[in-house]
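# Residue-level structural notes
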Amino acid sequence: MAVPVQAKKSGTGDAAAPTTTAKEAAKAAVRDQLNAQVGKTWGRQRDVSAVDVTIAALIVAVCPLLVAYFQIAIDKFGGALSAPALGVLLADPPAWAVPASIPGFLALSAADRAWAVLPAFSWDAVKLTAGWLTFQAALYLYLPSPIGYGQPTPAGHILEYKVNGMLAWIVTHALYIGCSTVVPLFSGAVIADYFPGIYIAANIYGYALSVFSYVKAYAFPTHAEDRKFSGSAIYDFYMGIEFNPRIGKWFDFKLFHNGRPGIVAWTLISYSFAVRQYLDFGHVTNSMVIVNLLHAIYVVDFFINEDWYLRTIDVCHDHFGFYLAWGDSVWLPFTYTLQGHYLAVNPVSLPTWYAAAVTALGLGGYAIFRAVNHQKDLVRRTNGQCTIWGKPPTMLRPKYTTSDGVEHESILLTSGFWGLSRHCNYLGDLLLSSAMCLACGFEHLTPYFYIIFMTILLVGRIYRDDARCRGKYGKHWEEYCRIVPYKLVPYVW
């Protein structure tokens, strides 16, 4: 729920923007003289090593090829993860590594084989992608919206956000499903049918957005004092320079690109692959139903709690560069949907007991994920005037200072789930992610990439969050880690 800026607390437990006074105006003037963040503040790294720069360069160069490899494995080789490599590189590959859709494949050279299996550019796909981005931007800017408030940035800004994602999700899905069924203007499988071309178009956009964001950070930054420079153009391009780049007052790059073309597309893509499975095989398998159900639960939860997202590591820690720009445009919609994509090609009918077990695992993981986040949000919304598991919550109240000289107070919850481990919410997330993959059976590894990636991502976030909070809270964070020693799994790690 949005709150007036004056004289109230934000949903984070940090002080919301106060009424402007002469003293605050003077502090703002000092802040505005800053050209970038210096010294020890939270956010992305500022002092980076040659190893950091090398890793950033490899990610920028390799990740698009990795995503393409998964698309090829499913579209051309039926989901066999090793088949593209074997089919292209071996002179005489096994039969299952020879795509039936490419006549004369074995007569081609390795280079020609690689070219033949690559996703093809399509102007129709470019038009679909451009229309999709334009439509989502219009919904983001013009649909009715409550206003949410972010946490103070390192320079002390408290930004306003339009949080109308749930309405945008409903409008988008109602129009897509309605216009492909009730008023059949197009096939519900249109996204699945153009998916290879959309991948190319999304990559063009993701790289263009990354370049634009890099140039914008130098030419016309939104908040220059929140920028960070590492001295490496490669690392700054990858991790981003600006903290919260915007165009105008409301078009926030972070919130829009993660939530709208990325997460709204997640369930729409999965639905389109379910339609493609029905058109090709005459029925929708229980595995496809489970995948669509679990994807929808996760996505709808995200938008119902979109205001909560303003207090996550993406918004409060990460700067906007290739990591988020390309990641939201390509990585999210093309790797998070691997299960639906795989099942459209490989329909899997699960035994009833197994389908029930996978669904229970997913719902159980979601219940943990939601309960953990609800506890923290409840404590922060009520400033600790509530009960957790029938008892008053225990917490630390660390103070920190932003670079404009203003002191803020936050909350570190040490009871309930948050007393068991520092990231029980990630544990629930991993259980839910596991269920999405387990619904695909065990014939191929390809649909399991999602849980492998999520494990790497969330464990990495645990360490990044630790570094961020040590920089932000100092000795208070060390005390918190002493009280809550386990990072993820209670009594284990």
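Residues numbered from 1 in each chain as written. Predicted model: local features only at pLDDT ≥ 70, side-chain atom pairs only at ≥ 80, totals over all residues. Heavy atoms only, no water.

## Some remarks on the overall build of the protein
- Of regular secondary structure, the protein possesses 20 helices and eight strands.
- In terms of overall size, the protein behaves like a compact globule, its C-alpha atoms giving a radius of gyration of 24 Å where 493 residues would be expected to give roughly 23 Å.
- Of all 493 residues assigned to the protein, the portion counted as buried reaches 55%.
- Taking the contacts inside the protein whose residues are at least 6 apart along the sequence as the reference set, 73% of them involve residues at least 24 apart.
- Here the protein displays about 20,600 Å² of accessible surface, and carbon together with sulfur accounts for 68% of that area.
- Here the protein carries 37 positive and 33 negative side-chain charges, and the mean point of each set is 7 Å from the other. (Helix = DSSP H or I, 4+ residues; strand = E, 2+ residues; numbered from the N terminus. Rg over C-alpha atoms; globule rule 2.2 N^0.38 Å. Buried < 20%, exposed > 50% of the residue type's maximum accessible area, 1.4 Å probe, protein only. Contact = heavy atoms within 4.5 Å. Areas by Shrake-Rupley, 256 points an atom, 1.4 Å probe, with all protein chains shown as cover. Lys, Arg positive; Asp, Glu negative; His and termini not counted. Charge placed at Lys NZ, Arg CZ, Asp CG, Glu CD.)

## As for helix α16 (residues 352-381)
- For α16, built from 30 residues, the straight-helix expectation of 44 Å at 1.5 Å per residue is met to within 8% by its first-to-last C-alpha distance of 42 Å.
- Asn383 occupies a position one or two residues after α16 and carries a positive phi of about 55 degrees. (Expected span 1.5 Å × (residues − 1).)

## Considerations on the environment of Leu293
- Structurally, the position occupied by Leu293 is in helix α11 (residues 286-304).
- Note: C-alpha distance between Leu293 and Asp318 (25 residues apart in sequence) is 30 Å.

## So, the side chain of Asn292
- Relative to the helices and strands, Asn292 is located in helix α11.
- Polar contacts involving the side chain of Asn292 include one to the main-chain amide nitrogen of Tyr271, which spans 3.2 Å.
- Setting aside anything within four residues of it in sequence, one finds Asn292 in contact with Ser270, Tyr271 and Ala274. (Polar contact = N/O pair within 3.5 Å; in protein donor to acceptor, adjacent residues only side chain to side chain.)

## Digging into the nonpolar core
- Formed by 93 residues in total, the largest nonpolar core has its most connected members in Ile191, Trp331, Phe334, Tyr336 and Met454.
- At eleven residues, the largest contribution of residues to this core is made by helix α10 (residues 253-281).
- Counting 19 residues, the second largest nonpolar core, distinct from the first, contains Cys386, Ile388, Leu413 and Val484. (Core = buried A, V, L, I, M, F, W, Y, C linked by side-chain atoms within 4.5 Å.)

## Focus: the packing of aromatic side chains
- Taken as a whole, this structure holds 43 aromatic pairs when the rule is applied.
- Considering the side-chain rings of Tyr336 and Phe453, the 6.1 Å spacing of their centres and the 50 degrees angle between planes classify their relative orientation as tilted. Of this pair, Tyr336 sits in the loop between α14 (322-335) and α15 (338-345) while Phe453 sits in helix α19 (residues 449-473); the two residues are 117 residues apart in sequence, bridging distant segments of the chain.
- Overall, the relative accessible area of 12% leaves Tyr336 in the buried class.
- The class for Phe453 is buried, based on a relative accessible area of 16%.
- Here the guanidinium or amino end of Arg246 rests over the ring plane of Tyr161, the centre of that ring lying 4.6 Å away.
- Its end group placed over the ring of Phe243, Lys254 keeps NZ or CZ at 4.3 Å from the ring centre. (Phe/Tyr/Trp six-rings, centres within 6.5 Å; stacked < 30°, edge-to-face > 60°. Lys NZ or Arg CZ within 6 Å of the ring centre and 35° of its normal.)

## Notes on the pattern of salt bridges
- Here the structure, examined in full by the defined rule, presents 14 salt bridges.
- Linking Glu160 and Lys249 is a salt bridge whose minimum nitrogen-to-oxygen distance equals 3.6 Å. With Glu160 in strand β2 (residues 160-162) and Lys249 in the loop between β3 (246-247) and β4 (251-252), this residue pair connects regions lying 89 residues apart in the sequence. (Salt bridge = Lys/Arg side-chain N within 4 Å of Asp/Glu carboxyl O.)

## Notes on the packing of helix α6 (residues 165-180) against α10
- At a closest axis distance of 11 Å, the pairing of α6 and α10 adopts a crossing angle of 30 degrees. Judged on the interaxial angle alone, α10 and α6 are roughly parallel. The element α6 and its partner α10 pack so that their crossing is right-handed. Residue-level contacts link Gly165, Ala168, Trp169, Thr172, His173, Tyr176, Ile177 and Ser180 of α6 to Arg260, Val264, Thr267, Leu268, Tyr271 and Ser272 of α10.
- Within the contact of α6 with α10, the residues separate by chemical class into seven nonpolar, six polar and one charged. (Axes fitted to C-alpha atoms, helices over the stretch in contact; angles between N-to-C directions. Parallel < 35°, antiparallel > 145°, perpendicular 65-115°, else oblique. Left-handed = near helix turned anticlockwise from the far one by under 90°. Nonpolar A, V, L, I, M, F, W, Y, C, P; charged D, E, K, R; others polar.)

## Observations regarding helix α20 (residues 475-483)
- Taken together, the buried positions of α20 are Trp477, Tyr480 and Cys481. For α20, the arc enclosing every buried residue in end-on projection is 100 degrees, short of the 170-degree limit, so these residues lie on one face. Away from its buried face, by an angle of more than 90 degrees, α20 presents the exposed residues Lys475 and Arg482.
- In this structure, the buried residues of α20 make contact with β5 (395-396), β8 (412-413), α17 (417-420) and α19. (Arc of directions from axis to C-beta.)

## What to know about unusual backbone geometry
- Even without glycine at this site, Asn383 takes up a positive phi of about 55 degrees.
- Accessibility expressed as a relative area gives 29% for Asn383, which makes it partly exposed.
- Notably, Tyr491 is not glycine yet its phi reads approximately 65 degrees, a positive angle.
- With respect to the element layout, Tyr491 can be found in the segment after α20.
- For Tyr491, a relative accessible area of 64% gives the class exposed.

## Observations concerning the confidence of the model for the protein
- Of all residues in the protein, 90% have pLDDT values of 70 or greater, and the mean over the chain is 88.
- Taken element by element, the protein is modelled with least confidence in helix α1 (residues 22-33), mean pLDDT 51, and with most confidence in α15, mean pLDDT 97.
- This model gives residues 29-33 a pLDDT under 50, and the stretch forms six contacts once residues within four places in sequence are excluded. (pLDDT = per-residue confidence, 0-100.)

## Digging into the state of the cysteines
- Taken as a whole and assessed by the stated rule, the structure comprises zero disulfides.
- This cysteine, Cys424, is not joined by any disulfide, and Cys481 carries the nearest cysteine sulfur, 15 Å off.
- Between Cys440, a cysteine without a disulfide, and Cys437, which holds the nearest cysteine sulfur, the sulfur-to-sulfur distance is 6.6 Å. (Disulfide = S-S within 2.5 Å.)

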